[in-house]
6 protein chains.
Amino acid sequence: MKQVTISKKFEFSASHRYWKPDWSDEKNKQVFGLCTSPYGHGHNYELHVTVSGTVDPVTGMIINLSTLKEIVNKIIERFDHKFLNLDTPYFKDRVPTTENIALVLFELIDERLSKRENIKLQKIRLYERHDLYVDVWRGES
Amino acid sequence: MKQVTISKKFEFSASHRYWKPDWSDEKNKQVFGLCTSPYGHGHNYELHVTVSGTVDPVTGMIINLSTLKEIVNKIIERFDHKFLNLDTPYFKDRVPTTENIALVLFELIDERLSKRENIKLQKIRLYERHDLYVDVWRGES
Amino acid sequence: MKQVTISKKFEFSASHRYWKPDWSDEKNKQVFGLCTSPYGHGHNYELHVTVSGTVDPVTGMIINLSTLKEIVNKIIERFDHKFLNLDTPYFKDRVPTTENIALVLFELIDERLSKRENIKLQKIRLYERHDLYVDVWRGES
Amino acid sequence: MKQVTISKKFEFSASHRYWKPDWSDEKNKQVFGLCTSPYGHGHNYELHVTVSGTVDPVTGMIINLSTLKEIVNKIIERFDHKFLNLDTPYFKDRVPTTENIALVLFELIDERLSKRENIKLQKIRLYERHDLYVDVWRGES
Amino acid sequence: MKQVTISKKFEFSASHRYWKPDWSDEKNKQVFGLCTSPYGHGHNYELHVTVSGTVDPVTGMIINLSTLKEIVNKIIERFDHKFLNLDTPYFKDRVPTTENIALVLFELIDERLSKRENIKLQKIRLYERHDLYVDVWRGES
Amino acid sequence: MKQVTISKKFEFSASHRYWKPDWSDEKNKQVFGLCTSPYGHGHNYELHVTVSGTVDPVTGMIINLSTLKEIVNKIIERFDHKFLNLDTPYFKDRVPTTENIALVLFELIDERLSKRENIKLQKIRLYERHDLYVDVWRGES
């Protein structure tokens, strides 16, 4: 029984700051290093969205890419060219690390894709830089 | 118990057209967009072939790469510098989407590798562009 | 005196065929190899457009990228998802090699950019694949 | 007479904002688009530094890379993990566009390298993203 | 139940030779091809280290990257700028193929990471070239 | 008057050692760092060969790529899977730095291409790693 997924890459540019308000400056610097710089710094994020499902025998597609692009781009708009700590509602109580940004993106995309039949969000991968990335997927529990 | 796979990247350049003869031109355009352009258009495809098996304690290899290259290149020859709809027998009844091309390639490579002992085709990944790829692997059923 | 250029990358997917109607099949194959395949084959082309000019002291820009994208995308539309030999008027009398496609693109972009003040098309680079590219620029004569 | 240059790539992550205080919000948005977002946004910048000179017949080098890295890294430290508008002194009166950041970096690196014999800063290239870059070099005047 | 991993890329440059002392020169050449060249040859290796664990609700991290870098860089030092056959103790009795180098690296990194709570080395990927890579992970047994 | 060049990328894997026999070990280490490791270390080199000339109005080509590949591959064979210090005659009296390897390759390729009409070796670029490269071209003198 063959499994098939299709993956599409998206990009956005954002800035963020790692900082715990209840920690001293020293502790913030010790744990977060340069990432605690007060006005933030930024990255070109690269997001890979992997969708699993059955290949439609008529169209030959798991999902029409124009549909996938419409769904994901609408979500990414909230992150693109933003300062994630202040311009989005997602990081009031959690540090915008690559892990946390990826978890938020997985939830937002999954919520939209789960409404559609025959497909499932299988995995996302989020690159903060070319040499650092986070994967999120649904595991067995 | 450690699992090991080796993956090799291959490349081919081909053209294709998304078009259902029993659909109107309007419906073809609506579903397939630019991909329904009558004389086709093309891509540089990139194929990653992942083989699993035990590492031979003598040679230190799962499979000799010259063997893998010989097998896969013979298959790829049928796709390279071709118009997939007309120059190959695989897309008479199915649209040459990335999903379908990947499924065909998995079957062709798997058929050849399954004749060899101690190795198994674990997965293939087919890139149509740098930002779009399909994975095919054997799932549990 | 410092020189400054800005370069933007664009992408399009197209197919083409190398074939001289006045040559025998043998001669076509001998000179053009696999590229003479009758229904064509394709590539993901990558186009780098380099614009020189003075940096506007107010905006800090040589050219507003939204202007550059509008100009180049309008030209690329004629090539994207096309079979270059039949879908465009540019290769009736010349083979759509990377050299010739690049020359056509240089002329088309240059014609549009030369109408604007303070900027000049300095160079284009066209990749047919990641390992093959052509540069066109204005030389001294 | 052969010319030789050596180029080394460096990376830094920073955020910035395009905004003219003497312009209305509407005009800022119209000219700068998403880049005028109030708290800034960010990028992974990639800087290529190209040095020309004679190849030392003893060491076989134009410049010892450890020297070049020491010089450039000391300059890049001022940009890495910073909000360029507020954390650096360079963009008080100019918009931190890729053009302007590249011009500043050229001056800073050139000032340091010009003190050394037998070498010359020939060019820098600054990528804001993989599809957008600025070149700065010394032209004839 | 969502699964999360973080992956960091590392690089090292090394040389190696494929050669079995108990085989004839002919057999070595037949099996190993160019890789049996007597003084060795080399590669820029790229190592991806993937760590799984729970995201700390305070820091938003699976593992602090400075910790991961310290651990892996200390191991990579033994391979970087070395001739793997003679400069390391790991390939006295096994050929330094990509498979074997990856197995050694997995063991060395796993040994260090397994001493830490809440995290687990999930996978490593080792690229010998951009078109050849080996994955090692812990499978069910 | 438009100028046109075509560039093709080639790859080879080799090892080398930076070491001056008339220097003490201390001096070798101080100048060459890790690169003086006794048995050498290696890289995946990437060579870009840029050829200028007129585009043949019949074939649409500056040079037939099969010709260029034949010429350059024959030269690269001498470097591929070799220890440059001992397996080639070119570095008896000079250190195999990226600068020197590039100068040798330029000479060897130029010697072959200069025998052909209508084309000229314009430039080569040699990458030792993705973040370090040397350009060689013919300058005015």
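Residues numbered from 1 in each chain as written. Chains lettered and ligands numbered in written order. Predicted model: local features only at pLDDT ≥ 70, side-chain atom pairs only at ≥ 80, totals over all residues. Heavy atoms only, no water.

Enquirer: Outline the overall build of chain A, supporting the account with residue identities and numerical values.
Expert: Across its full length, chain A carries 4 helices and 5 strands. Taken from N to C terminus, the helices and strands of chain A fall in the order β-α-β-α-β-α-α-β-β. The principal-axis extents of the C-alpha atoms in chain A amount to approximately 60 × 30 × 25 Å. The buried share of chain A, taken over its 141 residues, is 60%. Within chain A, contacts between residues at least 6 apart in sequence are counted, and of these 67% link residues at least 24 apart. (Helix = DSSP H or I, 4+ residues; strand = E, 2+ residues; numbered from the N terminus. Buried < 20%, exposed > 50% of the residue type's maximum accessible area, 1.4 Å probe, protein only. Contact = heavy atoms within 4.5 Å.)

Enquirer: Describe helix H2 (residues 65-76) of chain C, and please don't skip the residues or the numbers.
Expert: Residues and elements named next belong to chain C. Taking 1.5 Å per residue, 12 residues should reach 16 Å; H2 reaches 16 Å between its end C-alpha atoms and fits that length. If you check which residues of H2 are buried, you get Leu 65, Thr 67, Leu 68, Ile 71, Val 72, Ile 75 and Ile 76. Projection of H2 onto a plane perpendicular to its axis shows the buried side chains occupying an angular sector of 160°, all on one side. (Expected span 1.5 Å × (residues − 1). Arc of directions from axis to C-beta.)

Enquirer: Summarise unusual backbone geometry; cite the residues concerned and give the values.
Expert: Residue and element names in this part refer to chain C. A positive phi is found at His 81, a non-glycine position, where the angle reads about 60°. Inspection of the secondary structure assignment puts His 81 in the loop between H2 and strand E3 (82-83). Judged by relative accessible area, which is 14%, His 81 ranks as buried.

Enquirer: Any chance you could break down the interface of chain A and chain D for me, citing the residues and the numbers?
Expert: In this complex, chain A contributes 22 residues to the contact, which on the side of chain D involves 22 residues. Between the two partners, chain A and chain D, sit 2 salt bridges. Salt-bridge contacts for A:Glu11 lead to D:Arg129; the nearest nitrogen and oxygen are separated by 3.7 Å. On inspection of chain A and its partner chain D, the count reaches 17 residue pairs in polar contact (both at pLDDT 80 or more). When contributions to the side of chain A that touches chain D are tallied by element, the ones reaching two or more residues are strand E1 (2-16), strand E2 (41-53), strand E3 (82-83), helix H3 (84-87) and strand E4 (119-129) of chain A. (Salt bridge = Lys/Arg side-chain N within 4 Å of Asp/Glu carboxyl O. Polar contact = N/O pair within 3.5 Å; in protein donor to acceptor, adjacent residues only side chain to side chain.)

Enquirer: Lay out the packing of H2(C) against helix H4 (residues 98-113) of chain C in plain terms, naming residues and giving numbers.
Expert: The packing of two helices is summarised by the inter-axis angle and the distance between the axes. Residues and elements named next belong to chain C. One way to put it is that H2 packs onto H4 with a least axis distance of 10 Å and a crossing angle of 140°. Viewed along their axes, H2 and H4 adopt a mutual orientation that is oblique. In the packing of H2 onto H4, the handedness of the crossing is right-handed. In contact with Leu 68, Ile 71, Val 72 and Ile 75 of H2, H4 contributes Leu 105, Leu 108, Ile 109, Arg 112 and Leu 113. Considering only residue class, the contact of H2 with H4 consists of 8 nonpolar, no polar and 1 charged. (Axes fitted to C-alpha atoms, helices over the stretch in contact; angles between N-to-C directions. Parallel < 35°, antiparallel > 145°, perpendicular 65-115°, else oblique. Left-handed = near helix turned anticlockwise from the far one by under 90°. Nonpolar A, V, L, I, M, F, W, Y, C, P; charged D, E, K, R; others polar.)

Enquirer: Break down the relation of the copies chain A and chain D for me, citing the residues and quoting the values.
Expert: For the pair chain A and chain D, the best superposition has an RMSD of 0.0 Å and corresponds to a rotation of 180° with a translation of 0.0 Å parallel to the axis. The two molecules are tied by a two-fold rotation axis, judged by turn and shift. In this assembly the copies share their binding face: 100% of the residues contributing to the interface of chain A also contribute to that of chain D. (Least-squares fit on C-alpha atoms with pLDDT ≥ 70 in both.)

Enquirer: Provide a residue-level description of the confidence of the model for chain A, including the pertinent values.
Expert: Caution applies to low-pLDDT parts of the model: their predicted coordinates are not meant to be read in detail. Residues at a pLDDT of 70 or more form 99% of chain A, whose mean pLDDT is 96. Prediction confidence for the complex, expressed as pTM and ipTM, is 0.97 and 0.95 respectively. (pLDDT = per-residue confidence, 0-100.)

Enquirer: Which residues make up the pattern of salt bridges, and what values go with them?
Expert: Residue and element names in this part refer to chain A. Scanning the entire structure with this criterion turns up 42 salt bridges over all chains. Residue Asp 135 pairs with Lys 123 through a salt bridge whose shortest N-O separation is 3.9 Å. Within this pair, whereas Asp 135 is found in strand E5 (residues 132-138), its partner Lys 123 is found in strand E4, the two being separated by 12 residues in sequence. Assessed through its relative accessible area of 24%, Lys 123 is described here as partly exposed.

Enquirer: So what's going on with a positive patch on the surface? Which residues, and what values?
Expert: Residues and elements named next belong to chain A. A grouping of Lys 74, Arg 78, Arg 112, Lys 115 and Arg 116 is seen on the molecular surface, where their side chains present a positively charged patch. Checked against the element boundaries, Arg 116 lands in the loop between helix H4 (98-113) and E4. When its relative accessible area of 41% is taken as the criterion, Arg 116 is described as partly exposed. (Patch = residues over 30% accessible without salt bridge, like charges linked within 9 Å, V, L, I, M, F, W, Y side chains within 5 Å. Areas by Shrake-Rupley, 256 points an atom, 1.4 Å probe, with all protein chains shown as cover. Lys, Arg positive; Asp, Glu negative; His and termini not counted. Charge placed at Lys NZ, Arg CZ, Asp CG, Glu CD.)

Enquirer: So what's going on with the packing of aromatic side chains? Residues and values would help.
Expert: Residue and element names in this part refer to chain C. Inspection of the entire model under this criterion finds 48 aromatic pairs over all chains. Aromatic pair Phe 12 and Tyr 45: ring centres 5.0 Å apart, planes at 15°, arrangement stacked. One end of the pair, Phe 12, is in strand E1 (residues 2-16); the other, Tyr 45, is in strand E2 (residues 41-53), and 33 residues separate them in sequence. As far as burial versus exposure is concerned, Phe 12 and Tyr 45 are alike and both buried. Between the NZ or CZ atom of Lys 8 and the centre of the ring of Phe 10, over which it lies, the distance is 5.6 Å. (Phe/Tyr/Trp six-rings, centres within 6.5 Å; stacked < 30°, edge-to-face > 60°. Lys NZ or Arg CZ within 6 Å of the ring centre and 35° of its normal.)

Enquirer: If you had to explain the side chain of E:Asn100 to someone new, which residues and values would you point to?
Expert: Note on placement: E:Asn100 falls in helix H4 (residues 98-113). Beyond its immediate sequence surroundings of up to four residues, E:Asn100 is in contact with B:Val55, B:Gly60, E:Phe91, E:Arg94 and E:Val95.

Enquirer: Go over the interface of chain A and chain E, please, and point to the residues and values.
Expert: With 24 residues of chain A in contact, the opposing surface of chain E contributes 21 residues. Between chain A and chain E lies a buried interface of about 2000 Å² when both sides are counted; carbon and sulfur atoms form 58% of it. Between the two partners, chain A and chain E, sit 1 salt bridge. Between E:Lys8 and A:Asp131 there is a salt bridge, with the nearest N and O atoms lying 3.1 Å from each other. At the junction of chain A and chain E, the tally comes to 11 residue pairs in polar contact (both at pLDDT 80 or more). If you list the elements that add at least two residues to the side of chain A that touches chain E, you get helix H1 (25-32), H4 and E5 of chain A. When residues in the side of chain A that touches chain E are grouped by element, the largest group, 7 residues, is from E5(A). By residue class, the composition of the side of chain A that touches chain E is 12 nonpolar, 5 polar and 7 charged. (Buried area = accessible area lost by both parts, 1.4 Å probe.)

Enquirer: So what about the side chain of E:Asp110? Which residues, and what values?
Expert: The topology assignment puts E:Asp110 in helix H4. When residues no more than four places from it in sequence are discounted, the contact partners of E:Asp110 are E:Leu121 and E:Arg138.

Enquirer: So, the pairing of E2(C): which residues are in play, and what are the values?
Expert: Residue and element names in this part refer to chain C. The buried count for E2 comes to 11 of 13 residues, which makes it a mostly enclosed element. With 12 bridges joining them, E1 and E2 adopt antiparallel strand pairing. Across the sheet, residue Lys 8 finds its bridge partner in E2, namely Val 49. As paired strands, E2 and strand E4 (residues 119-129) are joined by 8 bridges and run antiparallel to one another. Residue pairing across strands places Gly 53 opposite Ile 119, the latter belonging to E4. (Pairing = 2+ DSSP bridges.)

Enquirer: Now, about the environment of A:Phe10: what can you tell me, with residues and values included?
Expert: All names here are of chain A. Within the secondary structure, Phe 10 is located in strand E1. With a relative accessible area of 5%, Phe 10 lands in the buried category. On a C-alpha basis, the gap between Phe 10 and His 130 in space is 14 Å, while along the polypeptide they are 120 residues apart. Residue contacts for Phe 10: discarding those within four places in its chain leaves Tyr 45, Glu 46, Leu 47, Val 49, Leu 68, Lys 69, Val 72, Asn 73 and Ile 76.

Enquirer: Describe the relation of the copies chain A and chain E, naming the residues involved and giving the relevant values.
Expert: The transformation that overlays chain A on chain E combines an axial shift of 0.0 Å with a rotation of 120°, and the residual RMSD is 0.0 Å. What we have between these two chains is a three-fold relation.

Enquirer: Help me get a handle on the nonpolar core, residues and values and all.
Expert: When a protein is soluble and globular, its nonpolar side chains tend to lie buried together. The biggest cluster of nonpolar side chains holds 113 residues, and the ones touching the most others in it are C:Phe79, D:Phe79 and F:Phe79. Excluding its chain neighbours within four sequence positions, the residues that come into contact with F:Phe79 are F:Phe12, F:Ser13, F:Ala14, F:Leu84, F:Tyr90, F:Phe91, F:Ile101, F:Val104, F:Leu105 and F:Leu108. Listed in part, the 111 residues of the second largest apolar core include B:Ala14, B:Tyr45, B:Val134 and E:Leu132. (Core = buried A, V, L, I, M, F, W, Y, C linked by side-chain atoms within 4.5 Å.)

Enquirer: Can you break down the environment of B:Leu108 residue by residue, with the values?
Expert: By the secondary structure assignment, B:Leu108 is in helix H4 (residues 98-113). Taking relative accessible area as the criterion, B:Leu108 reaches 13% and is therefore assigned buried.

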